[in-house]
Amino acid sequence: MFKAFTNNPTAANKFIKHDSDMLSQVYGSDEVTPYWIADMEFPIASPITQAMQHLVSRETYSYEFDSEAVFAGISAWNKKRHGLTLDMKSFVQVPGVLSAIALLIREFTEKGEGVLIQTPVYHQFRRLIESAGRTAISNTLKIENDRYVMDYEAFENQLRDENVKMVLLCNPHNPVGRVWSKHELEKMVEIAEKTQTLIVSDEVHGDIVFDGADFTSIASFDYENTITIIGSPAKNFGLNSISNGYIYTTNSGLKDAIKATVASMSLDHGNAFTTYATIAAYQHGEEWFNQFVEYTQNNRDWIMDFISQHMPHVKVFKPEGTNQIWFDFTGLDLETGALKTLLVNDAKMALTPGTWFGEPDANFYRMNFAAPLEQIQASLELLKSAVMNLNK
Ligand SMILES: Cc1ncc(COP(=O)(O)O)c(C=O)c1O
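Nothing here was measured: the structure is a model prediction, and the numbers come from that model. (Residues numbered from 1 in each chain as written. Predicted model: local features only at pLDDT ≥ 70, side-chain atom pairs only at ≥ 80, totals over all residues.)

Novice: Can you walk me through the overall build of the chain in this structure?
Specialist: Along its length, the chain carries 12 helices and 15 strands. Computed over C-alpha atoms, the radius of gyration of the chain comes to 21 Å, within 12% of the 21 Å expected from 2.2 N^0.38 for 392 residues, which places it in the range of a compact globule. For the chain, the spread of C-alpha atoms along the principal axes amounts to about 60 × 60 × 40 Å. Counting the 392 residues in the chain, one finds 47% classified as buried. Within the chain, contacts between residues separated by at least 24 positions form 74% of all contacts whose residues are at least 6 apart in sequence. (Helix = DSSP H or I, 4+ residues; strand = E, 2+ residues; numbered from the N terminus. Rg over C-alpha atoms; globule rule 2.2 N^0.38 Å. Buried ≥ 20, exposed ≤ 12 C-beta atoms within 10 Å, placed from the backbone. Contact = placed C-beta atoms within 7 Å.)

Novice: Could you clarify how one ought to interpret the environment of Ser252 in this entry?
Specialist: In this fold, Ser252 is placed in helix H8 (residues 252-264). For the pair Ser252 and Glu224, spaced 28 residues apart in the sequence, the C-alpha separation amounts to 9.5 Å.

Novice: Even after reading the chapter, I still don't get the sheet that holds strand E3 (residues 114-117), so can you show me in this structure?
Specialist: Note on sheets: strands pair through backbone hydrogen bonds, and any given pair is parallel or antiparallel. Taken in spatial order, the seven strands line up as E2-E10-E9-E8-E7-E3-E4 in an open sheet, and their pairing is mixed. The open sheet has two free edges, formed respectively by strand E2 (91-94) and strand E4 (135-138), since each of these has just one partner strand. The sheet shows a mean angle of 25° between the axes of neighbouring strands, taken without regard to direction. Here four bridges tie strand E8 (residues 198-202) to strand E9 (residues 226-231), and the two strands are oriented parallel to one another. Following the sheet pairing, Ser201 is matched in E9 by Thr228. (Pairing = 2+ DSSP bridges. Axes fitted to C-alpha atoms, helices over the stretch in contact; angles between N-to-C directions.)

Novice: Would you mind going over the packing of helix H3 (residues 67-82) against helix H9 (residues 272-284) with me for this structure?
Specialist: How two helices pack is summed up by the angle between their axes together with the distance between the axes. One can describe the packing of H3 onto H9 by two numbers: an axis separation of 9 Å at closest approach and a directional angle of 25°. In terms of their interaxial angle, H3 and H9 are classed as roughly parallel. In this structure, the crossing between H3 and H9 has a hand that is left-handed. Together, Ala69, Val70, Gly73, Ile74, Ala76 and Trp77 of H3 and Thr275, Thr278, Ile279, Tyr282 and Gln283 of H9 make up the contact between the two elements. (Parallel < 35°, antiparallel > 145°, perpendicular 65-115°, else oblique. Left-handed = near helix turned anticlockwise from the far one by under 90°.)

Novice: Hey, could you run me through the environment of Gln196 in this one?
Specialist: Its location among the elements puts Gln196 in the loop between helix H7 (182-195) and E8. The class of Gln196 is exposed, set by 11 C-beta atoms lying within 10 Å. With 37 residues separating them along the chain, Gln196 and Leu159 place their C-alpha atoms 9.4 Å apart.

Novice: How do you make sense of unusual backbone geometry when you look at a structure like this?
Specialist: Glycine aside, the phi torsion of most residues is negative, and most peptide linkages are trans. The residue after Thr119, namely Pro120, is reached through a cis peptide bond having omega 0°. Its place among the elements puts Pro120 in the loop between E3 and helix H5 (124-131). Note the cis peptide between Asn171 and Pro172, where omega equals -10°. Tracing the backbone through its elements, the reader meets Pro172 in the loop between strand E7 (164-170) and H7. We note that Asn145 has phi near 50°; this positive angle belongs to a residue other than glycine. Using a count of 5 C-beta atoms within 10 Å as the deciding quantity, one classes Asn145 as exposed. Not every positive phi belongs to a glycine, and Gln196 is a case in point at roughly 55°.

Novice: What am I meant to see in the sheet that holds strand E14 (residues 352-353) here?
Specialist: The antiparallel open sheet is built from four strands, whose spatial order is E11-E12-E15-E14. Two strands in the sheet have a free side with no partner beyond their single neighbour: strand E11 (315-317) and E14. Judged from the five bridges that link them, strand E12 (residues 324-328) and strand E15 (residues 364-368) form a sheet pairing that is antiparallel. Note on E15: the bridge partner recorded for Ile325 is Met367.

Novice: How should I be thinking about the packing of helix H4 (residues 97-108) against H5 in this particular structure?
Specialist: Contact geometry for H4 and H5: axes closest at 9 Å, N-to-C directions at 35°. The crossing of H4 and H5 is right-handed. Together, Leu98, Ile101, Ala102 and Ile105 of H4 and Gln124, Leu128 and Ile129 of H5 make up the contact between the two elements. Residue classes in the contact of H4 with H5 are distributed as six nonpolar, one polar and no charged. (Nonpolar A, V, L, I, M, F, W, Y, C, P; charged D, E, K, R; others polar.)

Novice: How should I be thinking about the site of the ligand in this particular structure?
Specialist: The environment of the ligand is made up of 14 residues, and the closest members are Ala38, Gly96, Val97, Leu98 and Asn174. For the shell around the ligand, the per-class residue count stands at seven nonpolar, six polar and one charged. (Near = placed C-beta within 6 Å.)

Novice: It is not clear to me how the nonpolar core should be interpreted in this structure. Could you clarify?
Specialist: Considering soluble globular proteins, one finds that nonpolar side chains tend to be buried as a cluster. Membership of the largest hydrophobic core comes to 112 residues, with the highest contact counts inside it found for Ile101, Leu168, Val200, Ile247 and Ala277. Take this core: its biggest share by element is seven residues, from H9. Each residue touching Ile101, except ones within four places of it in the same chain, is listed here: Leu128, Leu168, Val200, Asp202 and Ile229. (Core = buried A, V, L, I, M, F, W, Y, C linked by C-beta atoms within 7 Å.)

Novice: Quick question: what am I supposed to make of the UniProt feature "domain: Aminotransferase class I/classII large" (unreviewed entry) in the chain here?
Specialist: Summarizing the sequence annotation, UniProt attributes the feature "domain: Aminotransferase class I/classII large" (unreviewed entry) to residues 78-373 in the numbering used throughout. Secondary structure across residues 78-373 comprises 38% helix and 19% strand; the distance between its end C-alpha atoms is 29 Å. (UniProt positions renumbered as here; feature names shortened; annotations may be inferred.)

Novice: Sorry if this is basic, but what is going on with helix H10 (residues 286-310) here?
Specialist: Every α-helix carries 3.6 residues per turn, so stepping three or four residues along brings you back to the same face. Across its 25 residues, H10 extends 36 Å between first and last C-alpha, which sits within 8% of the 36 Å expected from 1.5 Å per residue. The elements touched by buried residues of H10 are E11, E12 and helix H12 (373-388). (Expected span 1.5 Å × (residues − 1).)

Novice: Looking at this structure, how should I read the environment of Ile137?
Specialist: Relative to the helices and strands, Ile137 is located in strand E4. Between the C-alpha atom of Ile137 and that of Val115, which follows or precedes it by 22 residues, the distance is 5.8 Å. Ignoring sequence-local partners within four residues, the contact set of Ile137 consists of Gly114, Val115, Leu116, Gln158, Glu162 and Val164.

Structural data, given as structure tokens:
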């Protein structure tokens, strides 16, 4: 059963997200509630805990993995949840989503060539592109009717004119929370097909979709120049430390090249932790997962209502998927430093600055709402008081 409770003792003093030194370094204070890193604040599904406990109780950590069983688990899950039929022979296992992206950039582009990203987007994309010596080409998303949409015209021009060899898609999109519709993806694929540009789709948040949104994997398209990073149970089952990822392509040329490189680096298999955790999650975790999605959807709805009722000058973009919500504080009319002070010192919230994601406007922030509702309510009450003191 899914559980959410405030002051979760297992969450306290965890490295990175809750780490006092990290918080002080980034926010100038550790007296903040962390809403930045995309870790959830809930205890994981008990079948996974049991599998891990069983593993530890055996007191042996041999070379142990079963990629076939893992691929079968992922395939069955995707069939059931998304109606997606995956071919077991088209998977390549890798140690994580980011390592998959880094590897694909190196495998399929040359130094100096362009990799297109749709900004604002998960900040590690740019880092991976630039650290590989490639050029990040920013295709800025547009806002239409309070919703982010793709700029197809710019996309087409950039593919033609800016030496773009790969499109790195984020679906569902972190941080703006869009779950790209089939129609939107179709338009994108159609353009990529004209220039025969490779699309790599990071779908690590693919299962976290809310009512009304229908997740479409790039793997469901006929276009042969696509690679899907199906992701892992990391985001949806709170297993970020049990890092693993799955590359999927039915294009045998692409797959053979990826397989050869991954094997040459001995990165082509998991370990006992990834194997048992993944199988437990996908085979026995669905009840927990459904409750988790329902709970976080309720958090999302509560945040949307609270902001619209009490802070009409704050804009918030309703996420269709992911546990991230995107704020625009422009309406508060504050200087960058004053806004930071309000968020950190008054609301005591550690939100991720939008500038990290390539958003030029410092009024944007991302909040991870995979947290107990009572905690979110307390934080937003503080925010409300701080905003009321501005007479807004
Ligand atoms: C879109 C996206 N891709 C990748 C990752 C990280 O994946 P991994 O930890 O498997 O490298 C994240 C983490 O937040 C993410 O949001």
